[in-house]
Amino acid sequence: MKTTSSLLITALICGSAFGAKFTETFGVDKADLASTGSNRFFVLMPGFQTTFEGEEGGKQTVLTITVLNEIKMVDGVETRVVEEREVAEGQLAEVSRNYFAISRITGDVYYFGEDSETYKNGKVSGVEGSWLSGVNGAHFGLAMPATPLLGARYYQEMAPKVAMDRAEVTSLEEKFETPAGRFEHCLKTEETSAVEVGKELKLYSPGVGLILDGDLKLTKVVRGGN
């Protein structure tokens, strides 16, 4: 009988081998998931914070991602709340609370949804993109495998007609420099969506996680936590 880890690896290999299919479901026992932990490219420890800066949509943007000391039950799983706060030209543009859990067995990190709010003139103007695993046919996706495989393709979000982001691993040995430092042995992914057009490149560094998010580069890392 295959273990959860070997099932996931097999699924990812098969998904990439045929060039078109993205893995949609993952052989994971929810009882094995925890709200705290980390793998090589994803830190899920309270207090860990990263800041990104750059020009996005013609506006100078600052994105701050913070692993909060908060949990939320989603689809029967205790998930960790990770806040993303985006400020454009000095004005709050978006705040999203994202929900993640990590496998105690494999170290794979799964994404269980988000509550997203966009802002205009200091007030909430929309909640597009919000979804929760177990609600309206949505189910969790794979945020970051503990052992990424070159060419692997997988869905990060599985919320029909709302959020269907997916990633393909395109490199495992990238080098990149940001205002926060020079990074090596980085993971590169190309993200697309089944419900939107366009693509976005992301880079992840060992021990840090995300260092490049589209046009936004890492400028600061705060390692806090328990």
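To be clear, the structure that these remarks concern was listed above.
Residues numbered from 1 in each chain as written. Predicted model: local features only at pLDDT ≥ 70, side-chain atom pairs only at ≥ 80, totals over all residues. Heavy atoms only, no water.

Caption draft 1: Local environment of the overall build of the protein. Secondary structure summary: the protein contains one helix and 18 strands in total. Against the compact-globule benchmark of 17 Å for 226 residues, the protein has a radius of gyration of 17 Å, which places it among compact chains. Counting only C-alpha atoms and orienting by the principal axes, one finds that the protein spans roughly 55 × 40 × 40 Å. Burial analysis of the protein (226 residues in total) assigns 46% to the buried set. Once local pairs closer than 6 in sequence are excluded, the contacts in the protein between residues at least 24 apart make up 48%. Roughly 11,100 Å² of accessible area belongs to the protein as shown, and the carbon and sulfur atoms make up 50% of that amount. Computing the positive centroid from 23 side-chain charges and the negative centroid from 32, the protein places the two 2 Å apart. (Helix = DSSP H or I, 4+ residues; strand = E, 2+ residues; numbered from the N terminus. Rg over C-alpha atoms; globule rule 2.2 N^0.38 Å. Buried < 20%, exposed > 50% of the residue type's maximum accessible area, 1.4 Å probe, protein only. Contact = heavy atoms within 4.5 Å. Areas by Shrake-Rupley, 256 points an atom, 1.4 Å probe, with all protein chains shown as cover. Lys, Arg positive; Asp, Glu negative; His and termini not counted. Charge placed at Lys NZ, Arg CZ, Asp CG, Glu CD.)

Caption draft 2: Region of interest: the pattern of salt bridges. Taken as a whole, this structure holds seven salt bridges when the rule is applied. Note that K199 is salt-bridged to E190, the shortest N-O span being 3.7 Å. For K202, the salt bridge goes to D213, with nearest N and O atoms at 3.8 Å. With K202 in strand β16 (residues 200–205) and D213 in strand β17 (residues 209–213), the pair connects residues that are eleven residues apart, well separated along the chain. One network of salt bridges, in which partners are shared, links E191, K202 and D213. (Salt bridge = Lys/Arg side-chain N within 4 Å of Asp/Glu carboxyl O.)

Caption draft 3: Expanded view of the nonpolar core. Core analysis: the biggest nonpolar cluster contains 50 residues, and F100, Y110, F112 and I211 have the highest contact counts within it. With five residues, strand β5 (residues 59–74) is the largest single contributor of residues to this core. Once you skip the residues sitting within four places of it in the chain, F112 turns out to touch L33, V74, D75, V77, T79, Y99, A101, W131, L132, S133 and F140. (Core = buried A, V, L, I, M, F, W, Y, C linked by side-chain atoms within 4.5 Å.)

Caption draft 4: Structural context of the environment of L63. Relative to the assigned elements, L63 resides in strand β5. Judged by relative accessible area, L63 falls into the buried class, the value being 3%. For the pair L63 and V87, spaced 24 residues apart in sequence, the C-alpha separation works out to 6.4 Å. If sequence neighbours within four positions are ignored, L63 has contacts with T50, T51, F52, E84, R85, E86, D213 and L216.

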